[in-house]
Amino acid sequence: MLEQIEQLLNSAKTSLKDCSDLKTLNDIRVEYLGKQGKITNLLHSMKDVAKEDRPKLGQLINNARNEIELLILNLQNELNEKTLADKISKEKIDIFEPSKQVEKGEIHPLNKVFDKLIDACVAMGFTVLTGPEVEYDYYNFEALNVPKDHPARDMQDTFFISDNILMRSQTSSVQVRAMQSLKPPFKIVSPGRTYRADSDATHSPVFHQFEGLVVDENVSMVDLKSMLTELLKMLFGQNTKIRFRPSYFPFTEPSVEVDATCPSCGGKGCKLCKNTGYMELLGAGMVNPKVLEMSGIDSKKYSGFAFGPGVDRLAMVVNKIPDLRMMFENDIRFLEQFK
Amino acid sequence: MKVTLKWLKDFVDIDISAEELADKLTNSGNEVEEIIYQDKYLKNVVVGKILEIEKHPNADKLVVCQVDIGRPIQIVTAAKNIKVGDKVPVSLAGANLANGIHIENSKLRGVDSMGMFCSIEELGVTDYDGDANGIMILDDDAQIGQDIAKALMMDDIIFDINVTANRPDCMSVLGIAREISALTNKPIKEQNYSYETSSDNVADYIDVEIMDKKLCPRYIACAIKDIKIEKSPRWLRSRLVSVGIKPINNIVDITNYVLVEYGQPMHAFDHKYLEGKKIIVRPAKSGEKITALNHNTYELDGSMLCVCDEVKPVVIAGIIGGTNSCVEDTTTTAILESAAFERASVRRTSRKIGVRTDSTARFEKGVDTSWQSLGMKRALNLVYSLNAGTIVSGKIDTLQKEPQPRQIDFSLNNIFKLLGIKIEQEKVLKILNNLSITSKIDGDTLSCIIPPYRQDIEREADIAEELIRIYGYDVYDSIASKPLSGTSVTIGKYDDVLQTARKIKYQLCSYGYYESVNFSICSIKDREKLLIDENDYMFNMIKIANPISEDIGYLRTSMANSMFNTVSKNLAKKNSEFRLFEVGRIYIPNALPLTELPQEINMISFCSVCKNDDFYSLKGIIENVLRDYDFNYKLDYSRKCFLHSGMSANVIDNDTNAVVASFGLVHPRVVKNFELIQNTLYGEINLDFLAKASLKKHSIKALSKYPPVNRDLAIVCDEEVSVEQILDCVKKSCGKLYYTAKVFDIYRNKDLGNKKSVAFSFKLQSMDKTLTDDEINQVVNKILKDLEYKLKAVLR
């Protein structure tokens with residue numbers, strides 16, 4: 001009997017070793033563990049065994065059955081895995097075929113720069129304000145210390161609608177409206193569209209400005225410099241340095257032109273910066289006390305600074321756009337390059 | 001404005017290079033735009049004297065000349081206007097002439113030629129009375145062998161300077177010299193302008209009357225008699241030419257010379273033409289005419305200030321003189337004018353008649369009353385030293401007293417506070433004193449005596465600028481501090497419209513739309529192309545009074561034309577299958593002509609020329625955009641003139657009936673007008689409306705533990721019955737068990753006639769239990785009954 005058990009176990013192991021599919025496996029199970037199976041039959045033959053040997057032999061047969069059951073289960077799991085793996089490998093698709101979704105569009109390079117500037121300034125405590133593009137002469141010029149027939153009007157060719165209504169030539173008009181309605185201290189920026197009667201490779205009759213104004217006690221040129229350094233670093237990289245050059249704007253005193261190290265060569269000099277290492281980017285200055293007073297702000301107590309880059313120019317420098325006009329032609333082949 | 005290095009040296013010693021000087025000027029606010037070396041094309045060109053002219057052995061048209069340039073050389077030439085003894089410019093090997101010719105030693109038809117005789121064109125000379133086509137014949141006093149640049153007095157260096165509008169005092173050689181004096185710490189040279197006068201008095205010649213002292217605060221007149229009109233000496237002509245002024249005759253040249261040197265425009269009248277022997281400065285009478293020195297005739301009006309005699313205007317004040325009284329060859333007695341005219345008046349008149357002269361360039365920036373006296377003195381000195389005539393003694397001056405310097409006290413601390421840096425007191429005093437602002441410091445008080453020509457200095461900010469521009473802005477290069485560290489804490493805030501736009505822009509990008517930036521000014525022709533009629537709110541377009549082109553002469557009243565033009569241009573370049581959007585404004589006037597500001601409405605427009613897009617693609621976008629906002633709207637067929645009336649919709653706010661958005665297929669005629677494609681889809685949304693609308697607030701319901709039940713139904717109903725009505729009916733029929741319902745198919749065919757089949761699915765769900773078949777069937781029956789009763793729809 002003992003021998004029989006041993007033999008049965010060995011033969012089962014041999015069959016299982018050769019088995020490579022689920023059907024054969026099932027046959028093996030029926031052969032050994034089925035109702036008419038070899039193990040079952042062995043159990044039935046227990047009745048011929050001496051009573052005192054029965055528990056021990058019964059135990060051995062059960063052990064053998066458990067062992068075979070476990071082997072079958074293991075092999076079954078193994079074969080299942082294999083079948084799935086075969087199936088998966090046959091179901092392979094071509095992942096290099098084109099995707100189905102609509103290809104995403106892009107924000108215009110001009111507005112990407114606008115958004116960056118706005119986000120940075122809001123984070124620094126500035127309030128974003130907008131104003132009319134068709135504007136009274138008063139807000140665009142007179143309240144900015146440029147009376148009618150002042151020579152400073154020659155600095156820009158303005159589109160007029162009537163004697164006292166014009167297309168704003170600078171977003172500074174929004175600053176005047178702000179100064180007259182807000183109480184200092186305040187920090188504002190006014191992004192927007194501006195107009196001048198000028199059209200060539202570097203001038204567009206419609207262009208865009210982003211003006212900032214801070215009015216507070218104790219504001220100095222140093223604040224202006226550090227603020228602008230921060231903004232331009234954000235656009236052109238952490239190594240950007242800026243410098244001031246004297247200039248004249250009627251609404252600031254002192255007035256400066258602000259140059260930044262050329263983002264293309266980092267200040268070494270290249271074609272883009274005409275070998276100067278610097279790029280002229282914006283005008284800025286300390287708000288002229290006359291302008292503060294005209295808007296009802298006490299110039300003895302408060303001072304301020306203002307800055308106003310042309311955003312079109314910034315977008316051109318950031319993206320190395322060769323011609324200003326490309327920005328407004330909206331050729332899809334141009335826009336697609338900003339993907 | 002141009003000045004020359006030698007001219008500047010008359011007023012201040014300069015011992016630095018031209019480049020260094022230009023840098024200094026630029027870095028202190030007077031930007032040097034260009035440095036022009038007058039002798040650029042004159043190197044290796046010398047004065048030669050022709051000693052012999054012989055026939056060329058091998059050529060009929062050439063001659064062989066022996067020339068003395070300090071040493072003998074031989075030159076072969078084809079020139080016809082030369083003769084033995086002439087002094088001519090000779091360009092030698094290495095010369096690069098103004099017309100691009102490079103000179104080398106050569107052989108012409110076998111005969112050696114060691115250079116070339118030059119014409120004025122080849123030398124770039126503009127002031128010459130001889131034959132412009134032939135070789136330039138030099139004056140007999142030219143020194144043989146001398147560099148031609150010296151001989152022609154063309155060895156100066158010219159600076160073209162951009163003088164800013166706040167510094168009219170820098171519009172002259174003296175003004176720039178003063179700046180150089182401050183920058184290089186060298187004094188301004190005293191000028192000794194003396195002259196002798198005759199014994200008679202100017203009052204015997206002329207009387208001056210000023211009608212408006214505000215427009216003409218000062219007028220000085222002097223008389224010169226026994227004038228000999230002739231050419232000015234070469235040095236004077238050469239200086240005028242170098243700064244871009246054409247020499248005329250000695251008297252006129254003197255007035256122009258003073259204009260450049262002192263910034264004081266002057267005028268000279270021929271005394272015999274001044275009727276009544278009187279100068280009257282008055283506004284023109286309407287209808288008066290004057291023929292100006294530019295030979296144009298101008299009709300004047302009461303807004304224009306004129307210098308007149310008793311009968312007629314003789315000068316448009318500060319702008320241009322008339323031919324009726326100018327100095328000419330026959331002039332023997334002249335009246336010299338040195339006056340101040342109000343800048344705004346000069347500017348206005350100059351704009352009105354469209355004439356700008358060297359005189360207006362000075363007056364419209366501002367010529368104050370302290371300059372006339374010096375200008376006149378210099379002019380008379382030149383008359384005297386050029387021996388151009390006899391100066392009559394005395395002058396008529398309508399201002400009794402010379403303007404005096406102003407004394408102003410400033411707080412040094414306030415100045416430093418503005419600059420954010422401190423400058424040593426010694427340095428402050430030095431900078432200001434060098435600028436002729438005599439200053440002293442007592443504690444915090446900086447007392448300044450400001451010369452009359454510095455009208456721009458009034459406040460601490462002005463002194464701060466004077467200090468820092470001379471001290472040097474490079475002081476800030478090395479200063480770094482935390483941005484805005486000294487300012488009050490403020491909370492940043494976005495703009496509602498811009499943020500609304502930004503959100504929708506990113507949504508459109510995800511649908512494959514690219515952002516475009518179009519001009520908001522357009523052609524009036526676009527109105528017709530969009531089929532806008534005169535009753536439409538888009539009809540009244542604001543006109544720009546001074547457009548640079550008719551294509552951009554009006555403000556748009558719709559986003560559509562800008563978009564269609566951009567799409568059209570893309571299509572013309574064979575770009576296809578693209579989608580664009582734009583954020584911008586339209587400008588709707590309340591009335592024309594404009595007396596108040598128009599409404600500026602912020603819009604977002606979008607356009608697709610993709611094959612697979614249709615009305616419903618746009619509808620999906622609009623629905624997704626509007627879903628975030630808390631307002632109820634309905635759809636209606638759009639009446640926008642440029643959209644297809646049967647295939648476009650308006651989104652209408654239920655509360656106000658405002659049109660929030662319009663979208664759909666573009667009208668076929670508009671497609672043709674703008675050269676678009678048939679399937680052009682366009683939509684626009686009013687951003688101002690959305691920016692004001694509140695965002696949806698959500699109150700979240702508990703989720704059922706019991707499974708939902710899905711059912712599909714297809715019904716047949718009249719074409720007029722809308723999907724919205726069906727779903728609304730289904731919702732009501734479901735009552736409390738309603739979870740969702742949506743249409744998934746709409747089907748039409750001939751058999752259905754004027755009806756359509758609508759298939760929809762709905763979900764039922766209870767919060768309390770799993771629904772039984774009985775309960776579900778009850779609901780289905782109710783839905784069908786209600787649909788039949790309310791909408792005459794039957795189960796298919």
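A look at the overall build of chain A
Phase 1 of the analysis: On a plain count of helices and strands, chain A comes out with twelve helices and nine strands.
Phase 2 of the analysis: A compact globule built from 339 residues would reach a C-alpha radius of gyration of about 20 Å, whereas chain A, at 42 Å, exceeds it by more than 25%.
Phase 3 of the analysis: Taken across its 339 residues, chain A has 54% of its residues classed as buried.
Phase 4 of the analysis: For chain A, long-range pairs separated by at least 24 residues make up 65% of all intrachain contacts whose partners lie at least 6 apart in sequence.
Phase 5 of the analysis: Accessible surface, chain A: about 16300 Å² in total, of which carbon and sulfur atoms supply 51%.
Phase 6 of the analysis: Averaging the coordinates of the 43 positive side-chain charges in chain A and doing the same for the 47 negative ones gives two points 4 Å apart.

Remarks on the overall build of chain B
Phase 1 of the analysis: For chain B, the helix and strand inventory stands at 21 helices and 39 strands.
Phase 2 of the analysis: Taken against the 2.2 N^0.38 rule, which gives 28 Å for 796 residues, the C-alpha radius of gyration of chain B at 42 Å runs more than 25% over that of a compact globule.
Phase 3 of the analysis: Projected onto the principal axes, the alpha-carbon positions of chain B cover approximately 130 × 85 × 60 Å.
Phase 4 of the analysis: As presented, chain B carries roughly 37600 Å² of accessible surface, and 48% of it is formed by carbon and sulfur atoms.
Phase 5 of the analysis: In chain B, the 102 positive side-chain charges and the 110 negative ones have mean positions that sit 6 Å from each other.

Section: the pairing of strand β6 (residues 87–91) of chain B
Residues and elements named next belong to chain B.
Phase 1 of the analysis: A large share of β6 lies buried, amounting to five of its five residues.
Phase 2 of the analysis: Residues Lys 87, Pro 89 and Ser 91 of β6 are buried on one face, and the alternating residues Val 88 and Val 90, pointing to the opposite face, are buried as well.
Phase 3 of the analysis: Bridge analysis of strand β3 (residues 45–55) against β6 gives five bridges, and the strand direction is antiparallel. Considered in β6, the bridge of Gly 48 is made with Val 88.
Phase 4 of the analysis: As paired elements, β6 and strand β9 (residues 116–117) share two bridges and run antiparallel to each other. Paired with Ser 91 across the two strands is Met 116, which belongs to β9.

What about the nonpolar core?
Phase 1 of the analysis: With 167 residues, the main nonpolar core has Phe 307 of chain A together with Phe 159, Leu 446, Phe 564, Phe 642 and Tyr 682 of chain B as its most contacted residues.
Phase 2 of the analysis: Among the elements that take part in this core, helix α8 (residues 221–236) of chain A stands out by supplying nine residues, more than any other.
Phase 3 of the analysis: Those residues in contact with Phe 307 of chain A, other than ones at most four positions away along the chain, are Phe 210, Glu 211, Gly 212, Leu 224, Met 227, Leu 228, Leu 231, Leu 282, Gly 283 and Ala 284 of chain A.
Phase 4 of the analysis: If you look at the next biggest cluster of nonpolar residues, it comprises 42 residues, including Ile 206, Val 281, Trp 371 and Tyr 453 of chain B.

Regarding the domain arrangement of chain A
Phase 1 of the analysis: Split into domains, chain A comes out as domain 1 (2–90) and domain 2 (109–338).
Phase 2 of the analysis: Here the C-alpha centroids of domain 1 of chain A and domain 2 of chain A sit 88 Å apart.

Details of the pairing of strand β34 (residues 659–666) of chain B
Residues and elements named next belong to chain B.
Phase 1 of the analysis: Summarising burial for β34: seven of the eight residues are buried, a large majority.
Phase 2 of the analysis: Where strand β33 (residues 643–653) lies against β34, six bridges are found, and the strand directions are antiparallel. By the bridge assignment, Ser 648 is partnered in β34 with Gly 664.
Phase 3 of the analysis: Taking the residues that link successive antiparallel strands as the turn, the β33-β34 hairpin has five residues, and the phi of Asn 657 there is positive, at about 65°.
Phase 4 of the analysis: When β34 meets strand β35 (residues 681–686), the two strands line up antiparallel, connected through five bridges.

Observations concerning the interface of chain B and chain A
Phase 1 of the analysis: Taken together, the contacts link 90 residues of chain B with 91 residues of chain A.
Phase 2 of the analysis: When chain B packs against chain A, the two sides together hide about 7500 Å² of surface, and 58% of this comes from carbon and sulfur.
Phase 3 of the analysis: Seen at the junction of chain B and chain A, the total is eight salt bridges.
Phase 4 of the analysis: Between Asp 149 of chain A and Arg 348 of chain B there is a salt bridge; the shortest N-O distance is 2.7 Å.
Phase 5 of the analysis: Joining chain B to chain A, the criterion identifies 41 residue pairs in polar contact (both at pLDDT 80 or more).

Looking at the side chain of Asn 145 of chain A
All names here are of chain A.
Phase 1 of the analysis: Relative to the elements of secondary structure, Asn 145 occurs in the loop between α6 (137–140) and β3 (165–167).
Phase 2 of the analysis: Since its relative accessible area comes to 16%, Asn 145 is described here as buried.
Phase 3 of the analysis: Looking at Asn 145, its side chain comes within polar contact range of the main-chain oxygen of Pro 250, at 3.0 Å.

Quick word on the environment of Leu 213 of chain A
All names here are of chain A.
Phase 1 of the analysis: Locating Leu 213 in the fold gives a position in strand β5 (residues 206–216).
Phase 2 of the analysis: Sequence-wise, Leu 213 and Arg 313 are 100 residues apart; in three dimensions their C-alpha atoms are separated by 20 Å.
Phase 3 of the analysis: If near-sequence neighbours (up to four positions away) are discounted, Leu 213 is found in contact with Phe 126, Gln 175, Met 179, Phe 186, Lys 187, Ile 188, Val 287, Phe 305 and Ala 306.

Describing the domain arrangement of chain B
Phase 1 of the analysis: For chain B, the domain assignment lists domain 1 (2–38 + 157–184), domain 2 (45–151), domain 3 (197–397), domain 4 (406–474), domain 5 (496–692) and domain 6 (709–795).
Phase 2 of the analysis: Averaged C-alpha coordinates put domain 5 of chain B and domain 6 of chain B at centres separated by 37 Å.

Considering the packing of aromatic side chains
The geometry of two aromatic rings is summed up by the distance between their centres and the angle between their planes.
Phase 1 of the analysis: Per the counting criterion, the structure on display carries 24 aromatic pairs over all chains.
Phase 2 of the analysis: Geometrically, the ring pair formed by Phe 328 of chain A and Phe 519 of chain B is tilted, given 5.6 Å between the ring centres and 55° between the ring planes. Separated into two different chains, Phe 328 of chain A in helix α11 (residues 326–329) and Phe 519 of chain B in the loop between β27 (514–515) and β28 (521–522) make up a pair that spans both.
Phase 3 of the analysis: The exposure class assigned to Phe 519 of chain B is partly exposed, which follows from its relative accessible area of 23%.
Phase 4 of the analysis: Taking 5.3 Å as the distance between ring centres and 65° as the angle between the ring planes, the aromatic pair formed by Phe 341 of chain B and Phe 363 of chain B counts as edge-to-face. Of the two residues, Phe 341 of chain B is situated in the loop between β21 (334–340) and α8 (343–353) and Phe 363 of chain B in helix α9 (residues 358–363); the sequence distance between them amounts to 22 residues. There is no split in this pair, since Phe 341 of chain B and Phe 363 of chain B are both buried.
Phase 5 of the analysis: Aromatic ring contacts, followed pair by pair, group Phe 564, Phe 642, Phe 674 and Tyr 682 of chain B into a single cluster.
Phase 6 of the analysis: Here Arg 177 of chain A stacks its cationic end above the ring of Tyr 139 of chain A, 4.1 Å away from the centre of that ring.

With respect to helix α14 (residues 496–510) of chain B
Phase 1 of the analysis: The terminal C-alpha atoms of α14 of chain B, which comprises 15 residues, lie 22 Å apart, in line with the 21 Å expected from a rise of 1.5 Å per residue.
Phase 2 of the analysis: Buried within α14 of chain B we find Val 497, Thr 500, Ala 501, Arg 502, Ile 504, Lys 505, Leu 508 and Cys 509 of chain B.
Phase 3 of the analysis: Its buried side turned inward, α14 of chain B meets α5 (109–123) of chain A together with β27, β30 (579–588), β31 (599–608), α17 (615–626) and α19 (687–692) of chain B.
Phase 4 of the analysis: Its side-chain oxygen 3.2 Å from the backbone nitrogen of Val 497 of chain B, Asp 495 of chain B forms the N-cap of α14 of chain B.
Phase 5 of the analysis: The first or second residue beyond α14 of chain B is Gly 512 of chain B, which carries a positive phi of 90°.

Here we look at a nonpolar patch on the surface
Phase 1 of the analysis: A contiguous nonpolar patch, built from Ile 93, Ile 95 and Phe 96 of chain A and spanning about 430 Å² of accessible area, is present on the exposed surface.
Phase 2 of the analysis: Topologically, Ile 93 of chain A is positioned in the loop between α4 (54–90) and α5.

What to know about the pattern of salt bridges
Phase 1 of the analysis: Enumeration over the complete set of coordinates arrives at 59 salt bridges over all chains.
Phase 2 of the analysis: A salt bridge links Asp 115 of chain A to Arg 502 of chain B; the nearest nitrogen and oxygen atoms lie 3.5 Å apart. Placement of the pair is Asp 115 of chain A in helix α5 and Arg 502 of chain B in helix α14, with the two residues belonging to separate chains.
Phase 3 of the analysis: What makes Asp 115 of chain A buried here is its relative accessible area of 10%.

Focus on the sheet that holds β5 of chain A
Phase 1 of the analysis: Spatially, β1-β4-β5-β9-β8-β7-β6 (chain A) is the arrangement adopted by the seven strands of the open sheet, whose pairing is mixed. Looking at strand neighbours, the two that pair on one side only are β1 (127–128) and β6 (242–249) of chain A, the edges of this open sheet.

Some details on the packing of helix α12 (residues 425–434) of chain B against helix α13 (residues 460–471) of chain B
All names here are of chain B.
Phase 1 of the analysis: Across the interface, α12 lies against α13 with an axial gap of 10 Å and an inter-helix angle of 95°. Judged on the interaxial angle alone, α13 and α12 are roughly perpendicular. Note on element contacts: α13 touches α12 through Ile 463, Glu 466, Leu 467, Ile 470 and Tyr 471, opposite Lys 427, Val 428, Ile 431 and Leu 432.
Phase 2 of the analysis: Class assignment for the residues of the contact of α12 with α13 results in seven nonpolar, no polar and two charged.

A look at the side chain of Lys 640 of chain B
Phase 1 of the analysis: Looking at where Lys 640 of chain B falls in the secondary structure, it is placed in the loop between β32 (633–637) and β33.
Phase 2 of the analysis: Among residues more than four places away in sequence, those in contact with Lys 640 of chain B are Tyr 537, Ser 662 and Glu 684 of chain B.

Procedures and definitions
- Residues numbered from 1 in each chain as written.
- Chains lettered and ligands numbered in written order.
- Predicted model: local features only at pLDDT ≥ 70, side-chain atom pairs only at ≥ 80, totals over all residues.
- Heavy atoms only, no water.
- Helix = DSSP H or I, 4+ residues; strand = E, 2+ residues; numbered from the N terminus.
- Rg over C-alpha atoms; globule rule 2.2 N^0.38 Å.
- Buried < 20%, exposed > 50% of the residue type's maximum accessible area, 1.4 Å probe, protein only.
- Contact = heavy atoms within 4.5 Å.
- Areas by Shrake-Rupley, 256 points an atom, 1.4 Å probe, with all protein chains shown as cover.
- Lys, Arg positive; Asp, Glu negative; His and termini not counted.
- Charge placed at Lys NZ, Arg CZ, Asp CG, Glu CD.
- Pairing = 2+ DSSP bridges.
- Core = buried A, V, L, I, M, F, W, Y, C linked by side-chain atoms within 4.5 Å.
- Domains from an automatic or database assignment.
- Buried area = accessible area lost by both parts, 1.4 Å probe.
- Salt bridge = Lys/Arg side-chain N within 4 Å of Asp/Glu carboxyl O.
- Polar contact = N/O pair within 3.5 Å; in protein donor to acceptor, adjacent residues only side chain to side chain.
- Phe/Tyr/Trp six-rings, centres within 6.5 Å; stacked < 30°, edge-to-face > 60°.
- Lys NZ or Arg CZ within 6 Å of the ring centre and 35° of its normal.
- Expected span 1.5 Å × (residues − 1).
- Patch = residues over 30% accessible without salt bridge, like charges linked within 9 Å, V, L, I, M, F, W, Y side chains within 5 Å.
- Axes fitted to C-alpha atoms, helices over the stretch in contact; angles between N-to-C directions.
- Parallel < 35°, antiparallel > 145°, perpendicular 65-115°, else oblique.
- Nonpolar A, V, L, I, M, F, W, Y, C, P; charged D, E, K, R; others polar.

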